[in-house]
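Each chain is listed here by its residues.
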Amino acid sequence: MFQSSRKPKSGIGSALAIAELVYHSVVRNVRKQHNNAFIAIAMNMLQTVMFVLAFYVMFSILGMRGSAVRGDFLIYLMSGIFLYLTHVKALGAVAGSEGPASPMMQHAPMNTIIAIASAAVGSLYIQVLSLFVILFIYHVAVTPITIDQPFAAFGMMLTAWFTGCALGLVMLAIKPWFPSFVTIFSTVYQRANMIASGKMFLANSLPGYMLAMFDWNPLFHSIDQARGFAFINYNPRYTSWEYPLWVGLVLLMIGLMGEFYTRRHASISWNARR
């Protein structure tokens, strides 16, 4: 009764208030992994480096380096691994964000859309920062790198992030209804994409019967298109950048409708019967 009445905000004021909430939620999500934000980012960079080294050793031992595109072999590996990690991290972050029954939703300015947006932006922030730091260290300490169309290649990374966020939103909407299914599906999907994403081979080198096994996957298209933009002597013929964009938009609409329906029916007592 002693508080002054809240004045209605303009459109710009509301946008700034939402941006501030998203910013603070992003900081909270980034610091979830560790109290020190620098260590949280360093841990993500270390995971990426370990992925690259593991695949480099595997390609060298199995003699698969000849199947890669002509150019810097580590850029070939990183173009697949960065997009794969960005996709699965975005999926996991959005699917694991605060739901409608979370205690955080009891705070007045907070809502599920802000929680979803902060999880998605926080995941992208860590991956992009790791990408630039690792490429800078590789460029300075090992060998100078040249990317044919860097902005277009980065756009493919954004499409991988976008499709991961859209699929994660669908999983978030289903999660209160079928939590066990969402957990199993997310794990199986991430493991299957170790191969189905196509980060270990080129779409142009696959026979037709094998190409049909992978071209359903939007991440497969994003990675192959990213390599076409990164290397001047690789022209992808069987993939397109429009496909992951349209798939992401369809999944986003389905996820938003499902999240809206779930938010209206969610209850804290749901977990009591499990």
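In the nomenclature of an unreviewed UniProt entry, the protein chain is known as ABC transporter permease of Sulfitobacter faviae. According to the UniProt record, the Sequence similarities (unreviewed entry) comment for the protein chain reads "Belongs to the ABC-2 integral membrane protein family."

A.B. asks: Looking at this structure, how should I read a nonpolar patch on the surface?
C.D. replies: A surface patch of nonpolar side chains, amounting to about 550 Å² of accessible area, comprises Ile113, Val250, Met253, Ile254, Leu256 and Met257. In terms of residue count, helix α9 (residues 242–265) provides more of the nonpolar patch than any other element does, five residues in total. Topologically, Val250 is positioned in helix α9.

A.B. asks: Can you walk me through the environment of Ala95 in this structure?
C.D. replies: Along the chain, Ala95 turns up in helix α3 (residues 73–95). Sequence separation between Ala95 and Ala119 is 24 residues, and the spatial gap between their C-alpha atoms is 9.0 Å. Excluding anything up to four places from it in sequence, Ala95 contacts Gly168, Met171, Leu172 and Lys175.

A.B. asks: Got a minute to help me understand the nonpolar core in this structure?
C.D. replies: Among soluble globular proteins, nonpolar side chains are generally buried collectively. Membership of the largest hydrophobic core comes to 53 residues, with the highest contact counts inside it found for Met78 and Leu83. For this core, the elements supplying multiple residues, two or more each, are α2 (37–62), α3, α4 (112–141), α5 (150–174) and α8 (218–230). Sort the elements by how many residues they give to this core and α3 lands first, with 14 residues. Setting aside chain neighbours within four positions, we find Leu83 in contact with Met156, Met157, Ala160, Leu219, Ser222, Ile223 and Ala226. Counting seven residues, the second largest nonpolar core, distinct from the first, contains Ala95, Val170, Met171 and Val182.

Rules used in this analysis
Residues numbered from 1 in each chain as written. Predicted model: local features only at pLDDT ≥ 70, side-chain atom pairs only at ≥ 80, totals over all residues. Heavy atoms only, no water. UniProt positions renumbered as here; feature names shortened; annotations may be inferred. Patch = residues over 30% accessible without salt bridge, like charges linked within 9 Å, V, L, I, M, F, W, Y side chains within 5 Å. Areas by Shrake-Rupley, 256 points an atom, 1.4 Å probe, with all protein chains shown as cover. Salt bridge = Lys/Arg side-chain N within 4 Å of Asp/Glu carboxyl O. Helix = DSSP H or I, 4+ residues; strand = E, 2+ residues; numbered from the N terminus. Contact = heavy atoms within 4.5 Å. Core = buried A, V, L, I, M, F, W, Y, C linked by side-chain atoms within 4.5 Å. Buried < 20%, exposed > 50% of the residue type's maximum accessible area, 1.4 Å probe, protein only.

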